[in-house]
Amino acid sequence: MLHGRVPRRPARVRRARRRSDAAFLLVGAILAPLGALPSLAGAQSPPAPQAAQVGLLLRQLDGVKRVLLVAAHPDDEDTALLTTLARGLGVEVAYFAFTRGEGGQNLIGPELGEGLGIVRTGELLAARSLDGAGQFFSRAYDFGYSKSADETFEHWPREALLSDLVRVVRRLRPHVIVSVFSGTPSDGHGQHQAAGILAREAFEAAADPDRFPEQVDMGLDPWEPLKLYRRTFFDPQAATLAIPTGRLDPLLGRSHHQLAMDSRSRHRSQDFGTAQTPGPRTTGLSLLESRVDAASEDPLFAGIDTTLVGLTLPLPADSRDAAGRAIEAYREEVLAAGRSLRAASPADAVATLARARARLQEAISALTPAGTEAVELERELERRLELVERAILIAAGIHIERRTHDDVLVPGQSVLVENRVWSGGEFRVDAGPPSLTTPTNGEYLLEPAPDEEPPADGSLFGRFFRSRERMADTDPDSHTTIEPDDLVVWRYRLRLPVSAKPTLPYYLTEPRNGDVYVWPVHADFLNEPFDPPPFGMSQELTVSGPGIEPIRMRVSGPVRYRGVDKASGEFWRPVLIAPRLSVRPSATTLVWAGADESPRDLTITIRSDDPDAVSGTLTLETPDGWVVEPASAPFTAEGAGAEVRLDFRLQPSEAGEGTFALRPVARTEAGESFSRAIEIIDYPHIERRLFATDATIRVLRIPVQVADRRIGYVMGSGDDGPEAIRQLGLPVESIEPGDWAAERLARYETIVLGVRTYEVRPDLAAATPTLLEWVRAGGALVVQYNKYEFLDGEFAPYPIRMGPPAPRVTDETAEVRVLAPDLPLFHTPNRLEDADFEGWVQERGLYFPTEWDDRYLAPLEMADEGEDPLRGSLLVARYGEGLYAHTSLSFFRQLPAGVPGAYRLFANLISLDPADWGVSAGGARR
């Protein structure tokens, strides 16, 4: 039986790799006990019982089983398989997604593109915190739906992305790789196909030292996975292995499938809320490749030596015997710990866990003379040492918090930080003063502040509980004893260096190279979801008590912000380091009709995250010939959270049509310059993250006119239609859930429904009869794309049908044929030409209807290369005295991107006048 093959490498390379691997795996792939960490956002959720947390850790302490699941996007992963392997079987398992889902839609907010990628990365991390798996990525940017692997590889450099996957395989060293996709057209999405192809290639390439030798030079040994499976979700008859995922887990109180559906529901931006249905479930897998014999009681790992002692075989005899004896003794103690674990008294397991830890240390000591043959075993023993120590702290009731009293910091700022140790059980702790850990050691200044009073936490009773705290001695050479039921606090003032970098995602620090992110060179955290936390604390503890010898260990973790909301209670957030100032324009796109030289007003908002006042001057850099009043504007932002609004009037030059750029720049009195808009992406189900966008304003001077119409807008998801209408020069009113009275609708001549409104506006379904009566009476209704909910509800005046699967045109350059050019839609008020369909981004449209009533006109035709023409992108019908238009064109992508032709077509749509509508449909009827 085989563990997995590691070709020999020079000793210096292998030793250099060892510690970087350990750091990588602790961040990305070690399971946390369920509920042991603070909640991701919002109110603090109660942790799982101590015994359950320890029990989950015990499942990871014996055996060596590693699995990597590979797919293309957030939501492609089999969460039930991940949960069963990680939580149920204690397997070291991770999910590798080639993309962060940037090309999808957003049900819960306005973020698209890179911003949506941050949301979906956060959702994956929230899911992993439940199902227990690790999470990794490639450099690939999700450019949108594609229909073949060939098309996908025109966007993605195949060899570079294979390198990304091979890097993770060589770091995680999985025995088994599970590809979600087959790499064939049956996978549908071209990115799915590409993921399946690359998973197969990585299974071979990871073991070849001649492939990606730069990784080998950096200390990543080639690794030969032993099995390759494919998930058989869409062809269950192909399954060669069925893994039960619906069994009730006594530690979780529900089945692995139920927990997986809880994990699945974290994909909220993709409307994936899922019921946690009990009962039998299985995940089917098909064996594609195997390098081992298949006889074993455990089919997934059949033929693979999954024992710790098996890793001693390459060692010299003396080391092998000593390590083997220690490992067998360790295993006996782990089994004894499981037998002694009681829900009412988890501390009963501490003694056996302490002995297991001692045996691990003996095994590690036996490896000292063994040299390079011990690398694999040492990695596994060190991993288990960290897990055992975590289990000891949980079972002993020792709770450690590392927290700040501010959640958003700026370079050079100081903040109060605390390290708090509570011995809630029957054990005594001797603790040394904590030390600061940062990615850039030595630049942060940590000074004791035991007498400094922390700010009020917003809790009515906080002052009473604070009186039970005991301040520790912060002298570097001191030790503090924490008796049972004692809470001790180390308090410091931390000053960030002025060179501290903002906690922006590492993969967004440089502009993309096409549809591939540019990563930092040789960073330790490549393939990780985000950068490591900006700082943490490390502390030496000695635990002593009944039945155990003193246990000395070093514990560390990130410093986080603990806050209190008076309505929902305690919450935890990551610490963010933000630029001192954010510069945000009131509009990111300005549209002038080509001949219009009238001035426009623009507001620039400066927001400060600096607790001190910041003064400076804002200048608006413009193209030659433009006039800005005032030329510059002074500002003073008084403290963190302060906003200053500065108004400018813009007078365009007499130059002709084109695309121009305006760039606001804030310069402080200290000589710093800021020209980025900084957002905090913040949703209740994910961790907060910073996102920066260039504050430059795109100006379109294009030949565009719009009729003088009174317009109402029903907001959808990820939709910026109202701002586009305002840029066209028309006021627009938002129609809210209480605005559906017929007399209220009568004030509008045109109503526009945003994207996916029938998903995100529950009131709309009930209001549709009233809305259609408004159309019948003479209104013009423009309905942007919806998914199947719209068609299932039969909300259109005449029947429309769609898929599944719903057709789409993914090639943004696909030819568009206008079948009825005489319709007012194509010449009033703007005469559209072929050039108006140039410069579109990502796609033409999505969720096209496939069938419709003959009373609709379908005046546009388009198709991806090699496919039959599609006419469902735009449907228009007279209904009574009014007009009903349904469009699947992706205006929600084109308008924010400033596509001139999309603005002109959208202007014609919202200018539709039922009284002028002609019947010369030509070839527009289906």
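Now for a look at the structure at hand. (Residues numbered from 1 in each chain as written. Predicted model: local features only at pLDDT ≥ 70, side-chain atom pairs only at ≥ 80, totals over all residues. Heavy atoms only, no water.)

This part takes up the overall build of the chain. The helix and strand inventory of the chain stands at 20 helices and 45 strands. Against the globule reference of 29 Å for 926 residues, the chain gives a C-alpha radius of gyration of 31 Å, in line with a compact fold. When the backbone C-alpha atoms are referred to their principal axes, the chain occupies close to 90 × 65 × 50 Å. Contacts in the chain between residues far apart in sequence, at least 24 positions, make up 75% of those at least 6 positions apart. (Helix = DSSP H or I, 4+ residues; strand = E, 2+ residues; numbered from the N terminus. Rg over C-alpha atoms; globule rule 2.2 N^0.38 Å. Contact = heavy atoms within 4.5 Å.)

What follows is about the packing of helix H4 (residues 114–131) against helix H9 (residues 256–264). Closest axis-to-axis distance for the H4/H9 pair is 8 Å, and the angle between their directions is 165 degrees. Comparing the axis directions of H4 and H9 gives the class roughly antiparallel. In this structure, H4 meets H9 at a crossing whose hand is right-handed. The residues of H9 that touch H4, namely those facing Ala-127, Arg-128, Leu-130 and Asp-131, are Leu-259, Asp-262 and Ser-263. Across the contact of H4 with H9, the residue classes break down as 3 nonpolar, 1 polar and 3 charged. (Axes fitted to C-alpha atoms, helices over the stretch in contact; angles between N-to-C directions. Parallel < 35°, antiparallel > 145°, perpendicular 65-115°, else oblique. Left-handed = near helix turned anticlockwise from the far one by under 90°. Nonpolar A, V, L, I, M, F, W, Y, C, P; charged D, E, K, R; others polar.)

Okay, the pairing of strand S4 (residues 176–179) next. Burial along S4 is two-sided: the face carrying Val-176 and Val-178 and the face carrying Ile-177 and Ser-179 are both buried. For S4 and strand S5 (residues 227–231), the ladder comprises 4 bridges, and the chain directions are parallel. Across the sheet, the residue bridging to Val-178 is Tyr-229, located in S5. (Buried < 20%, exposed > 50% of the residue type's maximum accessible area, 1.4 Å probe, protein only. Pairing = 2+ DSSP bridges.)

This model, assessed by the stated rule, comprises 26 aromatic pairs. Ring geometry for Trp-840 against Phe-891: centres 6.4 Å apart, planes inclined by 50 degrees, an arrangement best described as tilted. Of this pair, Trp-840 sits in the loop between strand S41 (816–818) and strand S42 (851–852) while Phe-891 is found in helix H19 (residues 891–894), placing the two residues 51 residues apart along the sequence. The buried category is assigned to Phe-891, whose relative accessible area is 0%. Members of the aromatic cluster, joined through ring pairs, are Tyr-141, Tyr-506, Tyr-507, Tyr-517, Trp-519, Phe-525 and Phe-530. Here the guanidinium or amino end of Arg-100 rests over the ring plane of Phe-137, the centre of that ring lying 4.1 Å away. Above the ring of Trp-840, the side-chain terminus of Arg-844 is found at 5.3 Å from the ring centroid. (Phe/Tyr/Trp six-rings, centres within 6.5 Å; stacked < 30°, edge-to-face > 60°. Lys NZ or Arg CZ within 6 Å of the ring centre and 35° of its normal.)

Topologically, Asp-792 is positioned in helix H18 (residues 788–792). Distance in space between the C-alpha atoms of Asp-792 and Met-802 is 9.2 Å, their sequence separation being 10 residues.

On to the pattern of salt bridges. Summed over the entire model, instances satisfying the criterion amount to 68 salt bridges. When the shortest N-O distance is used, the salt bridge between Arg-744 and Glu-733 registers 3.6 Å. Pair noted here: Arg-744 is in helix H15 (residues 742–745) and Glu-733 is in strand S37 (residues 732–734), with a separation of 11 residues, a long-range link. Residue classification places Glu-733 among the partly exposed positions, given a relative accessible area of 33%. Its salt-bridge partner being Arg-747, residue Glu-733 comes within 3.5 Å of it at the nearest N-O pair. Here Glu-733, found in strand S37, pairs with Arg-747, found in the loop between H15 and strand S38 (750–753); they are 14 residues apart in sequence, far enough to count as distant. What makes Arg-747 partly exposed here is its relative accessible area of 39%. (Salt bridge = Lys/Arg side-chain N within 4 Å of Asp/Glu carboxyl O.)

Bringing the sheet that holds strand S6 (residues 241–244) into the picture now. Within the open sheet, the 7 strands sit side by side as S3-S2-S1-S4-S5-S9-S6. Their pairing is mixed. Of all the strands in the sheet, the pair left with one neighbour each is strand S3 (134–137) and S6. Shown here is a sheet whose adjacent strand axes are inclined to one another by a mean of 30 degrees, direction ignored. With 5 bridges joining them, S5 and strand S9 (residues 282–290) adopt antiparallel strand pairing. Directly across from Arg-230, in S9, lies its bridge partner Ser-286. Against the sheet, H4 contacts strand S2 (92–97) and S3, and its axis sits at roughly 155 degrees relative to S3.

A few words on the environment of Asp-75. Along the chain, the position of Asp-75 falls in the loop between strand S1 (66–71) and helix H3 (79–89). Taking the C-alpha atoms as reference, Asp-75 lies 35 Å from Leu-909; in sequence the two are 834 residues apart.

This next bit is on a negative patch on the surface. A cluster of like negative charges, contributed by Glu-815, Glu-833, Asp-834 and Glu-838, occupies part of the molecular surface. You can see Glu-833 is positioned in the loop between S41 and S42. (Patch = residues over 30% accessible without salt bridge, like charges linked within 9 Å, V, L, I, M, F, W, Y side chains within 5 Å. Areas by Shrake-Rupley, 256 points an atom, 1.4 Å probe, with all protein chains shown as cover. Lys, Arg positive; Asp, Glu negative; His and termini not counted. Charge placed at Lys NZ, Arg CZ, Asp CG, Glu CD.)

Burial analysis of S2 places 6 of its 6 residues in the buried class, which makes it a mostly covered element. Covered by surrounding structure in S2 are Glu-92, Ala-94 and Phe-96 together with Val-93, Tyr-95 and Ala-97, the residues of both alternating faces. Both S1 and S2 contribute to a ladder of 6 bridges, which runs parallel. Bridge pairing in S2 places Ala-71 opposite Ala-97.

Below, the discussion takes up the environment of Ala-199. Turning to its location among the elements, Ala-199 is positioned in helix H7 (residues 190–205). Its relative accessible area of 1% is what places Ala-199 among the buried residues. Residues Ala-199 and Val-70, spaced 129 residues apart in sequence, show a C-alpha to C-alpha distance of 6.6 Å. Ignoring any residue separated from it by four or fewer positions in sequence, one finds Ala-199 in contact with Val-70, Leu-165 and Ser-179.

The next subject is the nonpolar core. Ranked by internal contacts, the top residues of the largest apolar core, which has 68 residues, are Leu-353, Leu-377 and Leu-381. When residues of this core are assigned to their parent elements, the largest contribution, 10 residues, is made by helix H12 (residues 375–395). Setting aside chain neighbours within four positions, we find Leu-381 in contact with Leu-308, Ile-327, Leu-360, Ala-363, Ile-364 and Leu-367. In terms of nonpolar packing, the next biggest core, distinct from the first, is built from 59 residues, Phe-153, Val-180, Ala-206 and Val-292 among them. (Core = buried A, V, L, I, M, F, W, Y, C linked by side-chain atoms within 4.5 Å.)

Locating Ser-544 in the fold gives a position in strand S19 (residues 536–545). Of the residues examined, Ser-544 reaches a relative accessible area of 8% and is grouped as buried. Leaving out residues up to four positions away in the same chain, Ser-544 has contacts with Phe-427, Arg-428 and Pro-550.

The N-to-C vectors of helix H10 (residues 317–340) and helix H11 (residues 350–366) enclose an angle of 165 degrees; their axes lie 8 Å apart at closest approach. Between H10 and H11, the angle falls in the class roughly antiparallel. In this structure, H10 meets H11 at a crossing whose hand is left-handed. Of the residues in H11, those touching H10 at Ser-319, Ala-322, Ala-323, Ala-326, Ile-327, Ala-329, Tyr-330, Glu-333, Val-334, Ala-336, Ala-337 and Ser-340 are Thr-352, Leu-353, Arg-355, Ala-356, Arg-359, Leu-360, Glu-362, Ala-363 and Ala-366. Residue composition of the contact of H10 with H11, grouped by class: 14 nonpolar, 3 polar and 4 charged.

Our focus in this paragraph is H4. One turn of the α-helix equals 3.6 residues, which is why residues spaced by three or four share an orientation. For H4, which comprises 18 residues, the first-to-last C-alpha distance of 25 Å matches the rise-based estimate of 26 Å (1.5 Å per residue) to within 8%. Counting buried positions along H4 gives 15 out of 18 residues, so the element sits mostly inside the fold. (Expected span 1.5 Å × (residues − 1).)

This next bit is on H12. Its 21 residues place the ends of H12 30 Å apart at the C-alpha level, agreeing with the 30 Å of an ideal helix rising 1.5 Å per residue. Summarising burial for H12: 19 of the 21 residues are buried, a large majority. Once H12 finishes, Gly-397 follows within two positions and takes phi at roughly 75 degrees, a positive value.

Let us look at the sheet that holds strand S36 (residues 711–714). The strand order across the open sheet built from 6 strands is S37-S36-S38-S39-S45-S44, with neighbouring strands paired in mixed fashion. Looking at the sheet topology across the chains shown, the edges are occupied by S37 and strand S44 (874–879). On average, each strand axis in the sheet is inclined to that of its neighbour by 20 degrees, with strand direction left out of account. Looking at chain direction, strand S39 (residues 780–784) and strand S45 (residues 882–887) are connected through 5 bridges and run parallel. Of the residues in S45, the one forming a bridge with Ala-780 is Leu-883.

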